[in-house]
Amino acid sequence: MSGSAQGSSRPVALISGGSRGIGRAVALRLAEDGHDISFCFRGDEQAAANLEKELAERGARALARRVDVTDAAAVRDWVDVTERDFGPIAVAVTSAGITRDKPLLMMSDSDWHDVVDTNLDGVYHVCRSVVFPMMKRRGGSIVTVASVSGLYGNAGQTNYAASKAGIIALSRSLAKEVGRRGIRVNAVAPGLIDTDMSAVLDDQVKEQVTERTALGRTGLAAEVAEVVAFLASARASYVTGAVLPVDGGL
Ligand code: NAI
């Protein structure tokens, strides 16, 4: 799938895991901010096609590509195609992620590796691919989607929390490496957000988390997207290496 009309002067945003949830909300929000959007997804062709249509309705060019972020070559290719068809990538947002929640004692090796490969290696592959062209142009903004689990830990999520803590460390370190080239790197750490990912949680677990928030409720994908859009934009021009919780005051 790919968008039409070449030659637009809108800045380009690349989003991993754009077809659903937080990534989808980020795509729509960045389109509102005037970006053309290149997003990848893993499986749901129909959801990706629907989003392409919604983005076009907002006046954005949209490129949807089925890319497994664990595949370094496929990510590289997606970044190359985006720059070739749409132009320089100004913003990259890494939202692709999965959970395989289980106590460590019950965890299989594949539960561990699937989560770390997707969540952490996936972010590495996107950053590795976008950072060189951004450095050459001396500008760009990367926003990674971590999690409060990566900040505080969470029982049943050793694999997920480790991957998200890794994303936080990667983001802070990369910010230090590329800041002088005009590239900012920041992370958001969402709490419990209403998406397909959190829909599988027991109501009891959701209530326990909600009770621990100052705002007494779960969050919306659009509320995370708003913060991502801020960090991605020139409004956050002196913000880099930051990890911003979007957790209702957990
Ligand atoms: P979701 O399950 O609704 O969407 C996940 C997206 O990632 C989908 O578009 C899917 O196609 C994509 N994806 C998954 N594996 C992929 C792969 N190997 N290659 C390419 N794309 C892949 O999840 P949600 O809730 O929108 O999560 C987005 C991000 O936010 C994730 O990184 C998640 O860990 C993080 N997050 C979510 C929270 C929540 O409560 N929903 C809380 C904290 C962080």
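Our structure is the block above this text.
What this report covers is the structure whose coordinates are included nearby. (Residues numbered from 1 in each chain as written. Predicted model: local features only at pLDDT ≥ 70, side-chain atom pairs only at ≥ 80, totals over all residues. Heavy atoms only, no water.)

## Some thoughts on the sheet that holds strand β6 (residues 183-190)
Consider a sheet: its strands pair through backbone hydrogen bonds, and that pairing is either parallel or antiparallel. Put simply, the rule reads: Here, a strand pair is defined by DSSP locating no fewer than two bridges between the strands. Helix numbering and strand numbering both begin at the N terminus, where a helix is a DSSP run of H or I of at least 4 residues and a strand a DSSP run of E of at least 2. Here the axes come from fitting lines to C-alpha atoms, over the contacting stretch only for helices, and the angles between their N-to-C directions go from 0 to 180 degrees. In what follows, a contact means two residues having at least one pair of non-hydrogen atoms within 4.5 Å.
Pairing is parallel across the open sheet formed by 7 strands, whose spatial order is β3-β2-β1-β4-β5-β6-β9. The strands lining the two open edges of the sheet, one partner per strand, are β3 (62-66) and β9 (243-246). If you compare each strand with its neighbour and ignore which way they point, the axes differ by 15° on average. Of the pairings in the sheet, the one linking strand β2 (residues 36-41) to β3 comprises 5 bridges and is parallel in character. The partner of phenylalanine 41 across the bridge, within β3, is arginine 66. Across the sheet, helix α6 (residues 158-178) touches β5 (140-145), β6 and β9, and the angle it forms with β6 is around 160°.

## Comments concerning the site of the ligand
Defined as follows: Being near a molecule or strand, for a residue, comes down to having at least one heavy atom within 4 Å of it. A 3.5 Å cut-off defines polar contacts: any pair of N or O atoms within that distance qualifies, except that in protein one atom must be a possible hydrogen donor and the other a possible acceptor, and neighbouring residues in sequence count only when both atoms are side-chain atoms. Here the accessible surface of atoms and residues is derived via Shrake-Rupley with a 1.4 Å probe, and residues count as covered only by protein chains that are part of the display. Any residue that is not Ala, Val, Leu, Ile, Met, Phe, Trp, Tyr, Cys, Pro, Asp, Glu, Lys or Arg is counted as polar, Gly included; the first ten are nonpolar and the last four charged.
Taken together, the neighbourhood of the ligand is formed by 28 residues, with Arg20, Ile22, Tyr160, Lys164 and Thr195 sitting nearest. Within the contact set of the ligand, an oxygen atom lies 3.2 Å away from a backbone nitrogen or oxygen of arginine 42. In this structure, a nitrogen atom belonging to the ligand sits 2.9 Å away from a main-chain N or O atom of valine 69. In isolation the ligand offers 830 Å² of accessible surface; the protein chains occlude 96% of this area. Elements supplying a minimum of two residues to the shell around the ligand: α1 (21-32), α6 and α7 (196-199). The element best represented in the shell around the ligand is α7, accounting for 3 residues. Taken together, the residues that form the shell around the ligand break down as 13 nonpolar, 10 polar and 5 charged.

## Focus on a nonpolar patch on the surface
Here is the rule we go by: A patch consists of residues whose relative accessible area exceeds 30% and which take part in no salt bridge; residues with like charges are grouped when within 9 Å of each other, and nonpolar side chains (Val, Leu, Ile, Met, Phe, Trp, Tyr) when within 5 Å. Take a side-chain nitrogen of Lys or Arg and a carboxyl oxygen of Asp or Glu: if they are within 4 Å of each other, that pair is a salt bridge. Buried, partly exposed and exposed residues are distinguished by accessible area as a fraction of the type maximum, computed with a 1.4 Å probe on protein chains only: under 20%, between the cut-offs, and over 50%, respectively.
Together, Leu151, Tyr152 and Leu250 line one region of the surface with nonpolar side chains, adding up to about 270 Å² of accessible area. Positionally, leucine 151 belongs in helix α5 (residues 148-152). Judged by relative accessible area, leucine 151 falls into the partly exposed class, the value being 34%.

## Remarks on the packing of helix α3 (residues 72-86) against helix α4 (residues 109-137)
Worth spelling out the cut-off: Rotating anticlockwise by less than a right angle from the far helix to the near helix defines a left-handed crossing, while the corresponding clockwise rotation defines a right-handed one.
Interaxial distance between α3 and α4 falls to 8 Å at its minimum, and their mutual angle equals 35°. Every pair of crossing elements has a handedness; the one defined by α3 and α4 is right-handed. Seen from α3, the contacting residues are Ala72, Val75, Arg76, Trp78, Val79 and Glu83; seen from α4, they are His125, Val126, Ser129, Val130, Pro133 and Arg137. Across the contact of α3 with α4, the residue classes tally to 7 nonpolar, 2 polar and 3 charged.

## Observations concerning the pairing of strand β1 (residues 12-16)
The buried fraction of β1 is high, at 5 of 5 residues. Because side chains alternate across β1, one face comprises the buried residues Val12, Leu14 and Ser16, and the other comprises Ala13 and Ile15, equally buried. Where β1 meets β2, 5 bridges bridge the pair, whose relative direction is parallel. Pairing of serine 16 across the sheet is with cysteine 40, part of β2. Both β1 and strand β4 (residues 89-94) contribute to a ladder of 5 bridges, which runs parallel. The residue bridging leucine 14 from the neighbouring strand is alanine 92, located in β4.

## Digging into the side chain of threonine 118
By the element assignment, threonine 118 lies in helix α4. Every residue in contact with threonine 118, bar those within four places of it in the chain, is listed here: Val69, Thr70, Gly97, Ile98, His113 and Val123.

## What to know about the side chain of threonine 213
Checked against the element boundaries, threonine 213 lands in the loop between α8 (203-211) and β8 (219-220). For threonine 213, a relative accessible area of 11% corresponds to the buried category. Setting aside chain neighbours within four positions, we find threonine 213 in contact with Asp247, Gly248, Gly249 and Leu250.

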